[in-house]
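Topology and contacts: notes
This is what each chain is made of:
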Amino acid sequence: MRAASSFRFPQYVLSALFTCFPMTPQQEIARRRTFAIISHPDAGKTTLTEKLLLYGGALNLAGAVKSRKNQHSTTSDFMELEKQRGISVSSTVLQFEYRSYAINLLDTPGHRDFSEDTYRVLTAVDAAVMVLDAARGIQEQTLKLFQVCRRRGIPIFTFINKCDRPGKNPIELLDEIEKTLDLRVYPVTWPVGEGADFHGVYDRLQGRAHWFERVIGGAQQAPVTVGGLDDPAIRDAIPASLHTRLCDDIALLDMAGGTFDPAAVLAGKQTPVYFGSAMHNFGVQLLLDGFLDYAPAPGPRPAGIREIQPADSPFSAFIFKIQANMDPRHRDRLAFMRVCSGRFARDMQVTHCQSGKKVRLSFSHQLFGQERETLNEAWPGDVLGVTGLPDFGIGDTLSEAPDIIFDAIPPFAPECFALLHNTDTGSFKRFRTGLDQLLQEKVVQRFMPADGGSILLLGAVGPLQFDVVAYRLQSEYNAAIRLENAPWTVARWVAPSVPLEKFSGLFLGGAKLVYDAKERLVLLFQSEWNANYFAKENPGIALYNTPDLLPAFEPAS
């Protein structure tokens, strides 16, 4: 059973409303909220995504990541491999209207093997919701993603999930966030009870307690009793011992000092903290409403030595993700674009700024996971899907002003490698077509032996990416393939001034010389120790961790 598709007003209804009550460009920009959800695997990220959609009115019935086979799957996990494994391995965009806001929610892969896909998504958002497991606190992947957000200056809102299970003391969790992330915290909501006794939260900004009732499977909004601490309805709902403890906790928090500072939140110096249970829908709407109230509208984006402001009149956007066969019914290649300035109108002509080519954006789509519908208009902050752009890549700029080129999205270095074999010559054409499309998506990277061999070597950040490639080649392209693990774990790009002949007679110690997709020379090593030893023994050969660090090649005069 699929999640209900009546997730939003049809586009023609919204268009009619906005035609009757037209907004200025500034108003359209101000009501946009574009954000991603980040977390360590299994902290409840995709479940929270579903529940935000439920409370935002975008779903009639929410699914959970690990729902039973006879239940529907999550809206954001549309790939069959995701449904089988109960994890997110592909970024998706979920767009809906709630209150007066136009929301672009980007659900990111939860598995660490897809950190580069998550990083690309984080280049397209203006804020992030960080999900923490109440029992585990800050974990490795969460910390890495937080550091990416900090480098970009992205405001962070924190949701401490799974309060309905045994976990750490709330004060201990707040202290961990402050010390580990060097980030001031302000608990906007506070848990009422813990573990099996957790049934509500107290909103400190509004001075109101929310006491929830559990619903079967968390598929519908949880009934809630709301009121002040002295309201009879709250006193009757909350057991006396929990009520007394709540009053003491709130008094302690108030005495401890600290104020909520919206400006510090926007500056990335303070994080509002919300407690709850995504599985049971406790505290989810408070998080959604608080986020919309205090998260930033679309901001400027760097393009070389200048910044492009959202209110600038020329339309501009950049591609941050490409995916083929997202919907088997379409069998097309979808480019995800973040609008940065101006107004997008379907069928408009723009310049592909990297090549100078003129293109017409005739096939534009509003996205909701796997579903799509024609989109006629978009504003800064919006994410749209565009088909019919076969030659463009991730990080490319599309604009009415040909001199705008947004800063490139830094690449990731692969950490594992595999040999790819086509085992059926009869399916070779399908194999090449599928591989070329997956390479454009940057699911994996391709390398070719520098000695001229025909072997095809793939590199990835994590081995699960190879599983995705194998699964998609077989299921989407009907290609017969075999993957064979390779021993290398470290890639180092060679300075362009170093010729291939320089390596003749050198002891490589098991390292392999290959070319990447742009014909840049790369050395693959079996370990970090091997790479460091080679660099020490050959100081005249400059090596770089990623290709974006390579200096420009200046041939000798």
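Cut-offs used in this document
- Residues numbered from 1 in each chain as written.
- Predicted model: local features only at pLDDT ≥ 70, side-chain atom pairs only at ≥ 80, totals over all residues.
- Heavy atoms only, no water.
- Helix = DSSP H or I, 4+ residues; strand = E, 2+ residues; numbered from the N terminus.
- Buried < 20%, exposed > 50% of the residue type's maximum accessible area, 1.4 Å probe, protein only.
- Expected span 1.5 Å × (residues − 1).
- Arc of directions from axis to C-beta.
- Contact = heavy atoms within 4.5 Å.
- Salt bridge = Lys/Arg side-chain N within 4 Å of Asp/Glu carboxyl O.
- Phe/Tyr/Trp six-rings, centres within 6.5 Å; stacked < 30°, edge-to-face > 60°.
- Pairing = 2+ DSSP bridges.
- Axes fitted to C-alpha atoms, helices over the stretch in contact; angles between N-to-C directions.
- Core = buried A, V, L, I, M, F, W, Y, C linked by side-chain atoms within 4.5 Å.
- Parallel < 35°, antiparallel > 145°, perpendicular 65-115°, else oblique.
- Nonpolar A, V, L, I, M, F, W, Y, C, P; charged D, E, K, R; others polar.
- Polar contact = N/O pair within 3.5 Å; in protein donor to acceptor, adjacent residues only side chain to side chain.
- Left-handed = near helix turned anticlockwise from the far one by under 90°.

Next up on the list: the overall build of the protein chain. If you tally the helices and strands in the protein chain, you get 14 helices and 31 strands. Taken over 557 residues, the protein chain has a buried fraction of 55%.

Quick reminder: α-helices carry 3.6 residues per turn. Residues three or four places apart thus point the same way. Its 16 residues give helix 9 (residues 240-255) an end-to-end C-alpha distance of 23 Å, which sits within 8% of 22 Å, the value for a rise of 1.5 Å per residue. Here helix 9 has its buried residues at L242, H243, L246, I250 and L253. One side of helix 9 holds all its buried residues, which, seen down the axis, span an arc of 100 degrees. For helix 9, exposure combined with an orientation more than 90 degrees from the buried face picks out A240, S241, L252 and M255. Elements that come into contact with the buried residues of helix 9 comprise helix 7 (170-181), strand 6 (184-187), strand 7 (189-192), strand 8 (200-203), strand 9 (208-212) and helix 8 (232-237). Where helix 9 terminates, the next one or two residues include G257, which has phi positive at roughly 85 degrees.

Bringing the pattern of salt bridges into the picture now. Evaluated as defined, the whole model comprises 24 salt bridges. For D289, the salt bridge identified is with R99, shortest N-O distance 3.2 Å. Here D289, found in helix 11 (residues 284-294), pairs with R99, found in the loop between strand 2 (92-98) and strand 3 (101-107); they are 190 residues apart in sequence, far enough to count as distant. D289 gets classed as partly exposed once you look at its relative accessible area, which sits at 21%. On the accessibility criterion, R99 (43% relative accessible area) is partly exposed. Put simply, E484 and R482 hold a salt bridge, and the shortest N to O gap is 3.8 Å.

A few words on the packing of aromatic side chains. Here the structure, examined in full by the defined rule, presents 18 aromatic pairs. Ring centres 4.8 Å apart and planes at 80 degrees place the aromatic pair F260 and Y294 in the edge-to-face group. Note that F260 is positioned in the loop between helix 9 and helix 10 (262-266) and Y294 in helix 11, a separation of 34 residues in sequence. Ring plane angle 55 degrees and centroid distance 6.2 Å describe the contact between F320 and F336, whose orientation is recorded as tilted. In this pair, F320 sits in strand 14 (residues 316-324) while F336 sits in strand 15 (residues 333-341), placing the two residues 16 residues apart along the sequence.

Whether parallel or antiparallel, the strands of a sheet pair through hydrogen bonds between backbone atoms. Here 4 strands make up an open sheet; going across it, the order is 7-8-9-10 and the pairing antiparallel. The two strands at the open ends of the sheet, each matched to only one other strand, are strand 7 and strand 10 (224-227). Going across the sheet, the axis of each strand differs from the next one's by a mean of 20 degrees, ignoring polarity. In this sheet, strand 10 lies alongside strand 9 in antiparallel orientation, the contact comprising 4 bridges. What sits directly across from W211, in strand 10, is T225. Sheet strands in contact with helix 9 are strand 7, strand 8 and strand 9, and its direction is about 155 degrees off that of strand 7.

In terms of nonpolar packing, the biggest core is built from 114 residues, with L48, V129 and L361 touching the most fellow members. Counting residues in hydrophobic clusters, the runner-up holds 20 residues, among them L438, L456, V469 and Y477.

Taken together, the 8 strands give an open sheet; going across it, the order is 27-24-26-25-29-30-28-31, and neighbouring strands pair in antiparallel fashion. Each having just a single partner strand, strand 27 (481-486) and strand 31 (543-544) make up the two edges of the open sheet. Relative to strand 30 (residues 521-525), strand 29 (residues 512-515) runs antiparallel, the two sharing 4 bridges. When the bridges of strand 30 are listed, L513 appears paired with L523.

Moving on: the environment of A378. With respect to the helices and strands, A378 occurs in strand 21 (residues 377-378). Residues A378 and A345, 33 residues apart in the sequence, show an inter-C-alpha distance of 6.8 Å. Those residues in contact with A378 that sit more than four places away from it in its chain are V339, G342, R343, F344 and L384.

Let us now look at the environment of Y119. Relative to the helices and strands, Y119 is located in helix 5 (residues 115-122). Taking C-alpha positions, Y119 is 10.0 Å from K144, a pair spaced 25 residues apart along the chain. Look past the residues within four positions of Y119 in its chain and what remains in contact with it is V148, R151, I409, P410 and F412.

Next up on the list: the pairing of strand 9. Working note: regular strand, side chains alternate between the two faces of the sheet. Burial analysis of strand 9 places 4 of its 5 residues in the buried class, which makes it a mostly covered element. Inspection of the sheet shows strand 8 paired to strand 9 by 4 bridges, in the antiparallel sense. In the sheet register, Y202 faces strand 9, and the bridge partner there is A209. In this structure, the hairpin formed by strand 8 and strand 9 is closed by a connection of 4 residues, where G207 is found at a positive phi of approximately 65 degrees.

At a minimum axis distance of 9 Å, the contact between helix 3 (residues 45-55) and helix 11 shows a crossing angle of 75 degrees. Relative to helix 11, the element helix 3 lies roughly perpendicular. Of helix 11, the residues touching helix 3 (which contributes L48, K51, L52 and Y55) are V284, Q285, L287 and L288. Residue classes in the contact of helix 3 with helix 11 are distributed as 6 nonpolar, 1 polar and 1 charged.

Looking now at the pairing of strand 1 (residues 32-39). Counting buried positions over the 8 residues of strand 1 gives 8, a clear majority of the element. Here strand 1 shows a buried face lined by R32, T34, A36 and I38 and a second buried face lined by R33, F35, I37 and S39. Both strand 1 and strand 3 contribute to a ladder of 6 bridges, which runs parallel. Across the sheet, I37 pairs through a bridge with D107, a residue of strand 3. Of the strand pairs in this sheet, strand 1 and strand 4 (residues 127-133) are connected by 5 bridges, and their pairing is parallel. In the strand pairing of strand 4, I37 is matched with V129.

The next point concerns the side chain of T189. By the element assignment, T189 lies in strand 7. Reaching out from T189, the side chain makes a polar contact with the backbone nitrogen of F275 at a distance of 2.9 Å. When residues no more than four places from it in sequence are discounted, the contact partners of T189 are V201, Y202, D203, V273, Y274, F275 and L286.

Time to look at the packing of helix 12 (residues 428-440) against helix 13 (residues 464-477). Close contact between helix 12 and helix 13 brings their axes to 10 Å; oriented N to C, the two are set at 130 degrees. Judged by the angle between their axes, helix 12 and helix 13 are oblique. In this structure, helix 12 crosses over helix 13, and the sense of that crossing is right-handed. Along the contact surface, helix 12 presents R430, F431, G434, L435, Q437 and L438, while helix 13 presents V469, R472, L473 and Y477. Along the lines of polarity and charge, the residues of the contact of helix 12 with helix 13 split into 6 nonpolar, 2 polar and 2 charged.

Interpretation in functional terms is not warranted from these geometric data alone.
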